Amino acid sequence: MNQNIRKKLTEYYLYFMLYSIIGWIYEVFLEVVVYRWGFSNRGVLFGPWCIIYGVGALILIFSLGGLQKKRLYIGKVLITPVLVFIGIVVITTVLELIGSYIMEFTQGGWLWDYRRFAFNFEGRIALNPSIRFGIGGMIFLYVLQPLFRKLTEKMPEKVFYAVSLTLLVLFLADIIYTYFL
């Protein structure tokens, strides 16, 4: 495999894992600190990762990265961030809806229930969490992702691949443990 392609795939895998872990931390924080429901593992695997956040992050990077770099105006008002925000809300809401159906099919249910929120659909999606995902997605695309991109670029190659391989082994072991043991 071409070295550049291998490095790019590894870089995106690191982003996937990083955002999966951040998503898990966010979900646990909401559950324990904000809602005071107590701790439960918010992922579908044993480890500290919500893979829907990792998948969502990659989808946002690939689908909105180009738009984010453009400078679109209405008159003198820059509207690119507004369009990016709307794109994040739509993409994350659709992803959450699809994720709920996949989880229901594979596990008999999904991990959230939005029936207590106004403007919800079957408790699977709702306006309030969609707006939160939009805000979080803006922080992700405009603050975290540029920072993480710089960090991965500065990481020594051996460390870069060692961290990736370690996370891959842990992730695969978790999949085996969760679904096959």
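Residues numbered from 1 in each chain as written. Predicted model: local features only at pLDDT ≥ 70, side-chain atom pairs only at ≥ 80, totals over all residues. Heavy atoms only, no water.

Compared with an ideal rise of 1.5 Å per residue, which puts 19 residues at 27 Å, helix H2 (residues 51-69) spans 26 Å between its outermost C-alpha atoms and is within 8% of the ideal. All of the buried residues along H2 are Tyr-53, Gly-54, Gly-56, Ala-57, Leu-58, Leu-60, Ile-61, Leu-64, Gly-65 and Gln-68. Summarising the contacts, the buried residues of H2 are in contact with helix H1 (3-34), helix H3 (80-107) and helix H4 (127-154). (Helix = DSSP H or I, 4+ residues; strand = E, 2+ residues; numbered from the N terminus. Expected span 1.5 Å × (residues − 1). Buried < 20%, exposed > 50% of the residue type's maximum accessible area, 1.4 Å probe, protein only. Contact = heavy atoms within 4.5 Å.)

Glancing now at the pattern of salt bridges. Two side chains that carry opposite charge are able to pair once their charged atoms sit near each other. Applying the stated criterion across every chain yields a total of four salt bridges. Here Arg-124 and Glu-122 are joined by a salt bridge, their closest N and O atoms 2.8 Å apart. Overall, Arg-124 belongs to the buried group, its relative accessible area being 4%. Look at Glu-122 and you get partly exposed, because its relative accessible area is 43%. Here the salt bridges do not stand alone but share partners, grouping Glu-104, Glu-122 and Arg-124 into one network. (Salt bridge = Lys/Arg side-chain N within 4 Å of Asp/Glu carboxyl O.)

Our focus in this paragraph is the side chain of Thr-10. Take Thr-10: it is sitting in helix H1. Residues within four places of Thr-10 in sequence aside, it is in contact with Phe-160, Tyr-161 and Ser-164.

Take the confidence of the model for the chain next. On average, the chain scores 93 in pLDDT, and the residues at 70 or more come to 100%. The spread of mean pLDDT over the elements of the chain runs between H1, the lowest at 92, and strand E4 (residues 125-126), the highest at 98. (pLDDT = per-residue confidence, 0-100.)

Looking now at the packing of H2 against H3. Across the interface, H2 lies against H3 with an axial gap of 10 Å and an inter-helix angle of 150°. Between H2 and H3, the crossing angle belongs to the class labelled roughly antiparallel. For H2 against H3, the interelement crossing comes out right-handed. Counted together, Ile-52, Val-55, Gly-56, Ile-59, Leu-60, Ser-63, Leu-64, Leu-67 and Gln-68 of H2 and Thr-80, Leu-83, Val-84, Gly-87, Ile-88, Ile-91, Thr-92, Leu-95, Glu-96 and Gly-99 of H3 form the full contact between these two elements. For the contact of H2 with H3, the residue count by class is 11 nonpolar, seven polar and one charged. (Axes fitted to C-alpha atoms, helices over the stretch in contact; angles between N-to-C directions. Parallel < 35°, antiparallel > 145°, perpendicular 65-115°, else oblique. Left-handed = near helix turned anticlockwise from the far one by under 90°. Nonpolar A, V, L, I, M, F, W, Y, C, P; charged D, E, K, R; others polar.)

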